[in-house]
Amino acid sequence: MPLPDLVPARMVNEVLFCERLLYLEWAQGEWADNAFTLDGRAVHGRTDEKRGDLPAPANGQDDDAVEEPEGPPYKATSVELSSSRLGVIAKIDLVEEGENGEVIPVEYKRGRAPEVDEGAYLPERAQVAAQVMLLREHGYRVPYGSLYFAKSKRRVRIEVTPDLEAIVLGAVARARELVDKGEMPPPLTSSPKCGGCSLSGICLPDETRLLRDLLDDGEERVRRLVPARDDTLPLHVQAQGGRIGVVGDELEIATKDEKVRARVANTSSVSVYGNVQVSTQAVRTLLEAEVPLAFFSYGGYFCGLLGGLGTKNIELRIAQHDKLRDPAFCLGVAKGLVASKIRNCRTLLRRNAEGLEGSTLGELEILAKKAEACDAAESLLGIEGSAARVYFQAFPKMVKGSKAFVDAFDAEGRNRRPPKDPINALLSFVYSLLTKELTVAVAKAGLEPLLGVYHRPRFGRAALALDLMEEFRPLIADSTVVNVLNTQVVGEGDFVVRRDGCSLSPSGRKKLLYAYERRMDQLVTHPTFDYRISYRRVLEVQARVFGRLLLGEATEYPAFRTR
Ligand code: SF4
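These remarks concern the structure in this document. Sequence positions are assigned chain by chain, starting from 1 and proceeding in written order. Local features in a predicted model are, by the rule used here, given only for residues with pLDDT of at least 70; side-chain atom pairs are given and counted only at 80 or more, and totals for whole chains, interfaces and linings are based on all residues. Hydrogens and waters are ignored; side-chain quantities use all the structure's heavy atoms.

Here we take up the sheet that holds strand β12 (residues 277-278). Taken in spatial order, the four strands make up an open sheet running β10-β9-β8-β12, and their pairing is mixed. Of all strands in the sheet, those with a lone pairing partner are β10 (259-263) and β12, marking the two edges. Sheet topology note: the strand β8 (residues 243-247)/strand β9 (residues 250-254) ladder contains five bridges and is antiparallel. Its bridge partner being in β9, Val246 is matched across the sheet by Leu251. Any pair of residues with heavy atoms lying within 4.5 Å of one another is described as a contacting pair. Only the stretch in contact is used when fitting a helix axis, every axis being a line fitted to C-alpha atoms; angles between N-to-C directions are given from 0 to 180 degrees. Labels follow the DSSP assignment, with helices taken as runs of H or I lasting at least four residues and strands as runs of E lasting at least two, numbered in each case from the N terminus. Against the sheet, helix α9 (residues 280-288) makes contact with β8, β9 and β12, and its axis sits at roughly 65° relative to β8, the strand it touches most. The criterion for strand pairing is that DSSP finds at least two bridges linking the strands in question.

Spelled out as C-alpha cells, the structure:
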C-alpha cells in the first residue's frame, strides 16, 4: 500500500491512543460516527471554517506567510500547515496572537479537561505539540500550545518539551511503519478506551480477540460495544404513483391520498416498490446522509441499491478478491453456511411443526453433517437441494389453520417467478427483503456484494449477500411467514391469484412488511459472542466478521445457529 507523504497531526493522537485505530482510519479509510464524534464535530463547527490568515512570522523567516492581519489581537481558524522535514501535516483549529509577536495554536476538544498533572492525556498533548512544532518550523515563535475543553470551558496550557517532541517524532515514525507493514495491529485488551471508540462496531475488538483465540483467562465475556438495536427506522413506499421529495431535513412522501414526512436522520433505509418517483434532491440527500435507497419491482423483486461511493477500504476489497479465488477457502466457508442453514431449518421445524415424522429431523441432521464433511462445491449444492426438499415438504406442518393455503402449497416445495400459491408468494417477498438487507450489510462493511464464496458469480447477482443470507432464511424469513399465517395476520383477501401465479396485494404486503420489520428488530443472543442484539445488527456483525476472516484476523467464519 503506498504511503501518504505526510502524517496528519490527528493521526499522531490516534497512534498513541490505539495503533489499531490509526490503522483502521488511516490505512483503511474507515470511519463511523458515534455520539462523541458528532458532539466533537459540533464543537469544531466554528473553527472548521477558514477565517483570518496567519501573519508573517515575527522573525521574518517564512517568505510564504500571508500578509499581516487587520490588527492585533488577530485570530486565524482552520490553519493548514505541513513540513516534509517533520513528516507532518495539520489543520489547526485556531491560531491566535500571544505577546510580542508570538503565536499560540489551540486545539478544541469536546469533553472535560482530565484531572491529570500534565493537564491532558498524552495523545492530545502530542497532537498539540505536533502543531507547535509545525508553526516553529515555519518560523513562528510559539511558547506553548493550548487545548480547549468545551465541556469544562477550560483552556489547558501544553508545554512542548524536548521529551514531548521526541514522542511526536516517534509517533510519526510508528504510524508510517504500521501503514508500510500493511498489517492491522491486534485489538486492545479489555480496554475502557473501546467503549468510547466510534470505530468499535468496525473494529470488533473482543469479537476479533475471541476468534483469534486471544482472550485471556478470566476474560470470559465479549463486550457488546455496539448498540443492541438501531434507533433509526426503515421506510417502505409502495403507493403506486407516490413521490418522495425533500422539505428541510425531512423526506416528504406524497400519494394521491396524503402527504407524510420522515426525518432523514431517523431513517435507516428507504425501499420503493414499483412506480414510485424519487426526486433528484431526495436521492442526493439520501446519498449524503448515507441512507441506502433500495428499488424493488411492483411484484417485490429486489432490483438494486443506491448507496453512494461506499467504503474507502481498498485493502479489504483486495483481500476479498484474493481469498475468493481460492476454492478451498470458499468451500470451507460455504460448508459452514449450508450446514448452519440446514440446522436452523431443523430447529424451526422442531419448534413449530405439528405431527412431524421423526425421520425428517433425522434426515436434516444427517444432511447437515454431510455438508460439513463435503469435499466439493457440486456435492454441497446437491446436499443443500436435498435438505431444501425435506424441509419444504414438512413446511406446511408449521402452519396452523390456513387450510386453503396449505392445500395450495406445492408438496414438492418452493416455486417462484412467479410464485404459484400464497405461501410461496409470502416466502418470495421476504427472501427479496432479506437479500436487500444483506446487500446493504455487506456493502456497508466494505465488501463487494457480487463476489461470493458459494453462489457463483452471475451478472447482477449479489452472490455474497445470498451466501451470508443462507443461515438467516429460516430464522428471519421463514419464521416471519409462519408467524403471519399462524396469527392470521394475512388472509385470502391479501393475495391476488391469477392463472400464471399468485402475488401479495398492497394490503398483504403492508402486513408482511410490518411483521418482517418486527422480526428484524427482535433481540437474539449471538451464539458465538453471547450478547443480545437485534437481527438487523446481527447481519451487520456477521458481514463485518466475514471481513475480518478475509483479512486473516479470524480462522473461521462463526456460524449463526440457534439451539
Ligand atoms: S475499539 Fe478499541 S481496539 Fe478497536 S480501534 Fe477502537 S480503541 Fe482500538
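Our next topic: the sheet that holds strand β7 (residues 233-237). To summarise the sheet geometry, strands pair through backbone hydrogen bonds and adopt either a parallel or an antiparallel arrangement. Taken in spatial order, the four strands line up as β7-β11-β13-β14 in an open sheet, and their pairing is mixed. Each end of this open sheet is capped by a strand with a single partner; those strands are β7 and β14 (302-306). Going from strand to strand, the sheet's axes swing by 20° on average, the running direction of each strand aside.

Now for helix α12 (residues 358-373). Counted at 1.5 Å a residue, the expected span for α12 with its 16 residues is 22 Å, and the 23 Å between its end C-alpha atoms agrees. Along α12, the residues classified as buried are Thr360, Leu361, Leu364, Leu367, Ala368 and Ala371. An end-on view of α12 places all buried positions within 125° of arc, on one side of the element. Within α12, the exposed residues directed more than 90 degrees away from the buried face are Gly358 and Ala373. For α12, the secondary structure elements touched by its buried residues are α11 (327-352) and α13 (377-394). A helix is expected to span 1.5 Å multiplied by its residue count minus one. Burial classes follow relative accessibility: with a 1.4 Å probe on protein chains only, a residue under 20% of its type's maximum area counts as buried, one over 50% as exposed, and anything between as partly exposed. The arc in question is traced by the directions running from the helix axis to the C-beta atoms.

Here we take up the site of the ligand. Neighbouring residues of the ligand: Cys18, Leu21, Pro187, Leu188, Cys194, Cys197, Ser200, Cys203 and Pro205. Three classes are used, and their members are as follows: Ala, Val, Leu, Ile, Met, Phe, Trp, Tyr, Cys and Pro are nonpolar, Asp, Glu, Lys and Arg are charged, and the others, Gly among them, are polar. Split into classes, the residues belonging to the shell around the ligand amount to eight nonpolar, one polar and no charged. The near set for a molecule or strand comprises every residue that places at least one heavy atom within 4 Å of it.

The next subject is the nonpolar core. The biggest cluster of nonpolar side chains holds 98 residues, and the ones touching the most others in it are Ile342, Phe395, Leu426, Leu434, Val453, Leu468 and Phe546. With residues near it in sequence (within four places) discarded, Ile342 still touches Leu364, Leu367, Ala368, Ala371, Ile383 and Ala387. Leu54, Leu135, Cys197 and Leu199 belong to the second largest nonpolar core, which has 51 residues in total. The nonpolar core is taken to be a set of buried Ala, Val, Leu, Ile, Met, Phe, Trp, Tyr and Cys residues, with the residues joined through side-chain atoms within 4.5 Å.

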